[in-house]
Amino acid sequence: MSLVTLSDVLQPALKGGYAVAGLVTLGWEDMRAYVAAAEAEGCPVILQAGPSCRAHTPLAILGKMFRHLAEGASVPVVAHLDHGYTMAECREALDAGFTSLMYDGSRKPLQQNIDETAAVAEMAHAAGISCEGEIGFVGYASGESSAGTDPEEAAIFARDSGVDAMAISVGNVHLQQDKEGGLDMARIRAIEAVTRLPLVIHGGSGVPLAQRIALAQGSKICKFNIGTELRMAFGAALRDAVNKDPNRFDRVQILSETHAPLVAATRTVLRAFGPAKTKA
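The rules behind the values
Residues numbered from 1 in each chain as written. Predicted model: local features only at pLDDT ≥ 70, side-chain atom pairs only at ≥ 80, totals over all residues. Heavy atoms only, no water. Core = buried A, V, L, I, M, F, W, Y, C linked by side-chain atoms within 4.5 Å. Buried < 20%, exposed > 50% of the residue type's maximum accessible area, 1.4 Å probe, protein only. Contact = heavy atoms within 4.5 Å. Axes fitted to C-alpha atoms, helices over the stretch in contact; angles between N-to-C directions. Helix = DSSP H or I, 4+ residues; strand = E, 2+ residues; numbered from the N terminus. Parallel < 35°, antiparallel > 145°, perpendicular 65-115°, else oblique. Left-handed = near helix turned anticlockwise from the far one by under 90°. Nonpolar A, V, L, I, M, F, W, Y, C, P; charged D, E, K, R; others polar. Salt bridge = Lys/Arg side-chain N within 4 Å of Asp/Glu carboxyl O. Phe/Tyr/Trp six-rings, centres within 6.5 Å; stacked < 30°, edge-to-face > 60°. Disulfide = S-S within 2.5 Å.

(A) Looking closely at the nonpolar core. In terms of nonpolar packing, the biggest core is built from 66 residues, with Phe98, Leu101, Met166 and Phe224 touching the most fellow members. In contact with Leu101, not counting residues within four places along its chain, are His80, Leu81, Cys90, Ala93, Leu94, Val120, Met123, Ala124, Ile129, Ser130, Cys131 and Glu132. Grouped together as the second largest cluster of nonpolar side chains are 13 residues, Val4, Val9, Ile46 and Val200 included.

Structural data, given as structure tokens:
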């Protein structure tokens, strides 16, 4: 069984100078392809159930799917709740067998965010699993604007929240389809200087490839969340499969043709984050 916690994969990454991908899942087809890609690359992978995934499939079912894939995998697999907004939701994920909880209080005042995140971290640690928190709101493309992480607030949050990993806002944006931006290196270095925690970048699809590689090898950023980039690859493969024969209606047959293209796209993403077979 290769089911592990977030700390199990991020602490070696922090020490070894590489990063681990947090891959945002929407269903069986993508999570299965993500594990296959990680096995092909010989690296750990974090399967993430975000709000849209949970709106489609109950947490209890997602937990069983993640655990089933992990039990058959040859590489470490983390079952991660992404953007849990309430204690009840985090508890439900814990009960469903998740091995990592991300509580998102980033829209709230600093002390409230710390207090609520600390409660989730305490619950997670009592159960032997990990907790990620977020300080500094990460916005959305064509939506809410980001509020950059204040390094002084990051130091307080890291000290008092009890989290195992800290997501930060440094120019990253959720749901970004291009890679024309780039992260604020000065802000990243200022945050690194005040904490020993592994750092997390949400909205990793919008980070230029060269910067992903450089940060994975030369910073405390040990986790990049990737969603949009791989959803686009899946969508393109699905569109090709559907359009190939308009008379086909068997969705199992159609969906099966998304697997190889999505595995290939995922392997490209994983390869950018650094040593695999030697450090997995």
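(B) Just the packing of helix 10 (residues 228-244) against helix 12 (residues 259-271), in detail. One way to put it is that helix 10 packs onto helix 12 with a least axis distance of 9 Å and a crossing angle of 155°. The orientation of helix 10 relative to helix 12 falls into the category roughly antiparallel. As helix 10 runs across helix 12, the sense of the crossing is right-handed. Contacts between helix 10 and helix 12 involve Glu229, Leu230, Ala233, Phe234 and Ala237 from the first element and Pro261, Leu262, Ala265, Thr266 and Val269 from the second. Its residues assigned to classes, the contact of helix 10 with helix 12 shows eight nonpolar, one polar and one charged.

(C) Structural view of the pattern of salt bridges. Considering all chains together, one arrives at 11 salt bridges under this definition. Arg54 serves as the salt-bridge partner of Glu89, at 3.0 Å between the closest nitrogen and oxygen. With Glu89 in helix 5 (residues 87-95) and Arg54 in helix 3 (residues 51-56), this residue pair connects regions lying 35 residues apart in the sequence. Judged on exposure class, the residue Glu89 and its partner Arg54 are both buried. A single network of salt bridges, built from pairs that share partners, joins Glu41, Arg267 and Arg271.

(D) Molecular detail of the packing of aromatic side chains. Counted by the stated rule, this structure contains two aromatic pairs. Ring centres of Phe224 and Phe273 lie 4.9 Å apart, and the angle between their planes is 15°; this geometry places the pair in the stacked category. On the criterion of sequence distance, the pair formed by Phe224 in strand 9 (residues 221-226) and Phe273 in the segment after helix 12 is long-range, its members being 49 residues apart. Accessibility assignment for this pair places Phe224 and Phe273 in one class, buried.

(E) How the structure looks around the packing of helix 2 (residues 28-41) against helix 12. Between helix 2 and helix 12, the least distance of the axes is 8 Å, while the angle of their chain directions is 50°. Classified by the angle their axes make, helix 2 and helix 12 are oblique. Crossing angle aside, the handedness with which helix 2 passes helix 12 is right-handed. Residue-level contacts link Glu29, Asp30, Arg32, Ala33, Tyr34, Ala36, Ala37, Ala38, Ala40 and Glu41 of helix 2 to His259, Leu262, Val263, Thr266, Arg267, Leu270 and Arg271 of helix 12.

(F) Spotlight on the state of the cysteines. Within this structure, the stated rule accounts for zero disulfides. Just so you know, Cys90 is unpaired, no disulfide at all, and the nearest cysteine sulfur is the one on Cys131, 7.1 Å from it. Looking at Cys90, the relative accessible area reads 0%, which means it is buried. Using a relative accessible area of 0% as the deciding quantity, one classes Cys131 as buried.

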